[in-house]
Amino acid sequence: MLVRQGIGRLVRSPETPPNRRIHWLDARIHQPTTAGMLNPVKRVFAKYKQITVG
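The following refers to the structure shown. (Residues numbered from 1 in each chain as written. Predicted model: local features only at pLDDT ≥ 70, side-chain atom pairs only at ≥ 80, totals over all residues. Heavy atoms only, no water.)

### Notes on the overall build of the protein chain
In terms of helices and strands, the protein chain carries two helices and zero strands. C-alpha extents for the protein chain along the principal axes are approximately 35 × 30 × 15 Å. For the protein chain, the residues scored as buried account for 17% of the 54 residues in total. (Helix = DSSP H or I, 4+ residues; strand = E, 2+ residues; numbered from the N terminus. Buried < 20%, exposed > 50% of the residue type's maximum accessible area, 1.4 Å probe, protein only.)

### Concerning the layout of surface pockets
Leftover empty space is mapped by rolling, across the atoms, a probe with the size of a water molecule. Of the pockets and cavities examined, the largest pocket occupies roughly 790 Å³. Taken together, the residues of the lining of the largest pocket break down into 11 nonpolar, four polar and five charged. (1 Å grid on protein atoms, 1.4 Å probe; cavity = no way out; pocket = protein on both sides within 12 Å on 5 of 7 lines; lining within 4 Å. Points joined across faces, edges and corners; volume = space filled by probe spheres on them. Nonpolar A, V, L, I, M, F, W, Y, C, P; charged D, E, K, R; others polar.)

### A short note on the packing of helix α1 (residues 3–12) against helix α2 (residues 35–45)
Where α1 meets α2, the closest approach of the two axes is 10 Å, and the angle between their N-to-C directions is 20°. On the basis of their axis angle, the class for α1 and α2 is roughly parallel. Crossing geometry of α1 relative to α2 is assigned as right-handed. Across the interface between the two elements, Val3, Arg4 and Ile7 from α1 touch Val41, Val44 and Phe45 from α2. Taken together, the residues that form the contact of α1 with α2 break down as five nonpolar, no polar and one charged. (Axes fitted to C-alpha atoms, helices over the stretch in contact; angles between N-to-C directions. Parallel < 35°, antiparallel > 145°, perpendicular 65-115°, else oblique. Left-handed = near helix turned anticlockwise from the far one by under 90°. Contact = heavy atoms within 4.5 Å.)

### Observations regarding the nonpolar core
Counting seven residues, the largest nonpolar core is built from Val3, Ile7, Ile29, Leu38, Val41, Val44 and Phe45. Of all the secondary structure elements, the ones that give two or more residues to this core are α1 and α2. At four residues, the largest contribution of residues to this core is made by α2. (Core = buried A, V, L, I, M, F, W, Y, C linked by side-chain atoms within 4.5 Å.)

### Some points on the environment of Leu25
Tracing the chain through its elements places Leu25 in the loop between α1 and α2. The class for Leu25 is exposed, based on a relative accessible area of 82%. Measuring from C-alpha to C-alpha, the distance between Leu25 and Lys47 comes to 18 Å, with 22 residues separating the pair along the chain.

Shown next, in the form of C-alpha cells:
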C-alpha cells in the first residue's frame, strides 16, 4: 500500500490548508482477520493526532 507516500504528500503540500483532515474509510483496519495486512497503515497513522467525529 502506498499510504505512507500519499499521506506524506498531503501533509507536506503547500497547496492544502493547514486545517486539513485525513479520513480512512476502510473498515478492514478494525477487523482481526486483516490486522496483519493493515498494521503498517496503523503505524503510519499513529504519528498523527487522532480525533473522533461523531
